[in-house]
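# Fold and geometry: a report
Now for the letters of each chain:
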Amino acid sequence: MGLLDELVGSLTGGQQNNLGQLQAVWNWVQEQGGIEVLIQKFQQGGLGEVLSSWLSNGSNQPVSSGDIQSAFSNEDLQSLADKLGTDVNGASGTLSQLLPHLVDKISPQGEVHPEATGSNSQLDLGSLVESIFKG
């Protein structure tokens, strides 16, 4: 199994058919302004402690779809829902499942990889995997 397969497997519970969802979520994060803006929205939404658990080396605290809906605007979530072919509830549910793992994977030492930050970051999933696993 290649590195991309391992990362996708760990982020999607081993279901390779969820790669499209993962790519849609990553693209949506970039459209929101990148990981830095995502972090700000979580902190402003009262979810800073949850987010800190994803960034730390400890276990990840879960986040509910309701928490996601309180951190992001309906318009933001509708944008993701359109990409996923679902509604706002489906989009927030997908985010509640994937974001803890995604943020954890891009911050393996407790700090977000520089390649994954910045509003102009157009890092694709393959580049993300490469940046995570290169020596």
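As a reminder, the structure under discussion sits directly above these lines.
In what follows, the accompanying structure is described. (Residues numbered from 1 in each chain as written. Predicted model: local features only at pLDDT ≥ 70, side-chain atom pairs only at ≥ 80, totals over all residues. Heavy atoms only, no water.)

## Some points on the overall build of the protein
Stated precisely, the cut-off is as follows: By definition, any uninterrupted DSSP run of H or I lasting at least four residues is a helix, any uninterrupted run of E lasting at least two residues is a strand, and each is numbered from the N terminus. Relative accessible area decides the class of each residue, using a 1.4 Å probe on protein chains only: under 20% of the type maximum gives buried, over 50% gives exposed, and in between gives partly exposed. Residues are treated as being in contact if the distance between any of their heavy atoms lies within 4.5 Å.
Each helix and strand in the protein was counted, giving eight helices and zero strands. Across the 135 residues in the protein, those meeting the buried criterion constitute 44%. Look at the contacts in the protein between residues 6 or more apart in sequence, and 63% of them connect residues 24 or more apart.

## Focus on the packing of helix H4 (residues 48-55) against helix H7 (residues 88-105)
What counts is decided by this rule: The axes used here are C-alpha line fits, helices contributing only the stretch in contact, and every angle between their N-to-C directions lies in the interval 0 to 180 degrees. Oblique is the label for any angle not covered by the other classes, which are roughly parallel (under 35 degrees), roughly antiparallel (over 145) and roughly perpendicular (65 to 115). Throughout, the ten residues Ala, Val, Leu, Ile, Met, Phe, Trp, Tyr, Cys and Pro are labelled nonpolar, Asp, Glu, Lys and Arg are labelled charged, and all others, Gly among them, are labelled polar.
Put simply, H4 and H7 touch, their axes get as near as 7 Å, and they point 50 degrees apart. Considering the angle they form, H4 stands oblique to H7. In this structure, H4 uses Leu51, Trp54 and Leu55 to contact H7, whose residues at the interface are Leu99, Pro100, Val103 and Asp104. Its residues placed into classes, the contact of H4 with H7 shows six nonpolar, no polar and one charged.

## Overview of the nonpolar core
Keep this limit in mind: In plain words, nonpolar cores are sets of buried Ala, Val, Leu, Ile, Met, Phe, Trp, Tyr and Cys residues tied together by side-chain atoms within 4.5 Å.
Within the largest apolar cluster, 29 residues are counted, with the highest numbers of intra-cluster contacts made by Leu38, Phe42 and Leu99. Elements represented by at least two residues in this core include exactly helix H2 (19-32), helix H3 (35-44), H4, helix H5 (65-71), helix H6 (74-84) and H7. Take this core: its biggest share by element is seven residues, from H7.

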